[in-house]
Amino acid sequence: MRIAILDNDRTQADTVSQVLTGAGHSCQTFESGKDLLAQLRKDSADLLIMDWQVPDMAGAEVLRRAKEKMPANAPAMFMANTSAEDDMVAGMTAGADDYIVKPLRRGELAARVSALLRRAYPSQNGSEQLSFGPYTFETRPGRLLMDGAPIDVTHKEFYLALLFFRNIGRPLSRAYIHESVWVRETAVPSRTMDTHVSRVRNKLQLRPENGFRLVPVYSYGYRLEKLGA
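Predicted model only: the values in this text are computed from it and were never measured. (Residues numbered from 1 in each chain as written. Predicted model: local features only at pLDDT ≥ 70, side-chain atom pairs only at ≥ 80, totals over all residues. Heavy atoms only, no water.)

A few words now on the overall build of the protein. Looking only at helices and strands, the protein has 8 helices and 12 strands in total. Taken over C-alpha atoms, the radius of gyration comes to 19 Å for the protein, in line with the 17 Å a tight globule of 229 residues would show. With respect to the principal axes defined by its C-alpha atoms, the protein has extents near 55 × 35 × 30 Å. For the protein, buried positions account for 45% of its 229 residues. For the protein, restricting intrachain contacts to residue pairs at least 6 apart in sequence, the fraction spanning at least 24 positions comes to 54%. With an accessible surface of roughly 11500 Å², the protein has 48% of that area assigned to carbon and sulfur atoms. With 30 positive and 27 negative side-chain charges, the protein shows a separation of 5 Å between the mean positions of the two kinds. (Helix = DSSP H or I, 4+ residues; strand = E, 2+ residues; numbered from the N terminus. Rg over C-alpha atoms; globule rule 2.2 N^0.38 Å. Buried < 20%, exposed > 50% of the residue type's maximum accessible area, 1.4 Å probe, protein only. Contact = heavy atoms within 4.5 Å. Areas by Shrake-Rupley, 256 points an atom, 1.4 Å probe, with all protein chains shown as cover. Lys, Arg positive; Asp, Glu negative; His and termini not counted. Charge placed at Lys NZ, Arg CZ, Asp CG, Glu CD.)

Our next topic: unusual backbone geometry. Where the residue is not glycine, phi is negative for most of them; where a peptide bond is considered, it is trans in most cases. Here the bond from lysine 102 into proline 103 is cis, since omega is -5°, no more than 30 degrees from zero. As for its position among the elements, proline 103 is in the loop between β5 (98-101) and α5 (106-120). The backbone of aspartate 147 shows a phi angle near 55°, a positive value even though the residue is not glycine. As for its position among the elements, aspartate 147 is in the loop between β8 (143-146) and β9 (149-151). Despite not being glycine, glutamine 205 shows a phi value in the positive range, around 50°. Checked against the element boundaries, glutamine 205 lands in the loop between α8 (190-203) and β11 (212-217).

What follows deals with the packing of helix α1 (residues 10-22) against α5. For the pair α1 and α5, the least separation of the axes is 10 Å and the interaxial angle reads 60°. Relative to α5, α1 is oriented oblique. In terms of crossing hand, the pair formed by α1 and α5 is right-handed. Of the residues in α5, those touching α1 at Thr15, Val16, Gln18, Val19 and Leu20 are Arg106, Leu109, Ala110 and Val113. (Axes fitted to C-alpha atoms, helices over the stretch in contact; angles between N-to-C directions. Parallel < 35°, antiparallel > 145°, perpendicular 65-115°, else oblique. Left-handed = near helix turned anticlockwise from the far one by under 90°.)

Bringing the UniProt feature "modified residue: 4-aspartylphosphate" (unreviewed entry) in the protein into the picture now. If you check UniProt for "modified residue: 4-aspartylphosphate" (unreviewed entry), the listed places come out as Asp51 in our numbering. Exposure remark for aspartate 51: the relative accessible area of 4% places this residue in the buried category. In this structure aspartate 51 touches Leu6, Asp7, Gln12, Met79 and Lys102, once residues within four positions along its chain are discounted. (UniProt positions renumbered as here; feature names shortened; annotations may be inferred.)

The residue glycine 133 is located in the loop between β6 (129-132) and β7 (135-138) in this model. In this structure glycine 133 comes out as exposed when scored by relative accessible area, which is 66%. Considering only alpha carbons, one finds glycine 133 and threonine 192, 59 residues apart in sequence, at a separation of 28 Å.

The antiparallel open sheet is built from 3 strands, whose spatial order is β10-β12-β11. Only two strands of the sheet have a single partner each, and these edge strands are β10 (172-173) and β11. Pairing of β10 with strand β12 (residues 221-226), which is carried by 2 bridges, proceeds in the antiparallel orientation. Looking at β12, one finds that leucine 172 is bridged to tyrosine 222. Contacts between helix α6 (residues 155-166) and the sheet are confined to β10, β11 and β12, with β12 contributing the most and set at about 60° to the helix. (Pairing = 2+ DSSP bridges.)

Topologically, isoleucine 5 is positioned in strand β1 (residues 2-6). You can call isoleucine 5 buried: its relative accessible area is 0%. C-alpha of isoleucine 5 to C-alpha of threonine 29: the two residues are 24 residues apart in sequence and 4.6 Å apart in space. Those residues in contact with isoleucine 5 that lie beyond four places of it in its chain are Ala13, Val16, Ser17, Cys27, Gln28, Thr29, Phe30 and Ile49.

Our focus in this paragraph is the pattern of salt bridges. Throughout the structure, instances matching the rule amount to 17 salt bridges. A single salt-bridge network, built from bridges that share partners, covers Glu61, Arg64, Arg65 and Glu68. (Salt bridge = Lys/Arg side-chain N within 4 Å of Asp/Glu carboxyl O.)

Given below as structure tokens:
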């Protein structure tokens, strides 16, 4: 889906874009309300994520004008500071469909965006199939195949494996893995993550003869390597 992101904090906008691009969406970031609205006049978006406090326009005005240029069913989410209760009320009153509180948690962001898009576009909620060599991920109902044969994995093992395959060659920190897979579980022992990674490695037979290798990155996390790439 096409997602427009408005935030004059470049680092935060890039984080949101990274998370949602990793989930398979196409993202475009903007630092001002005027830039966002100018782009929406030329090319619409399926979802708007915006910081409520941008320097050039009031959040309610940006939201109202953006919705005029987006499809009628296109949802909008805004980002609010923890203490800004007035912003939360104003955003929902102005027509936002959801909000998320800073500091952002990657897993929560991905889950909330997924829920918004499922509600807004029910006809597009069929099972997505993603293939990587001999492996096929069916995102609904969460089935994993190797050479056409199902692999018995738990819910967390499925999404942990999918996270690695969507980030082939990229080192993933323990913090990023935790936020992406365990989401709201704040206290996950290190050995729990290591055990899940080991199970994924064994169940998927991530060995050189199958073209992939899952390796630890010292004092950081893990990386899935595609051999011969």
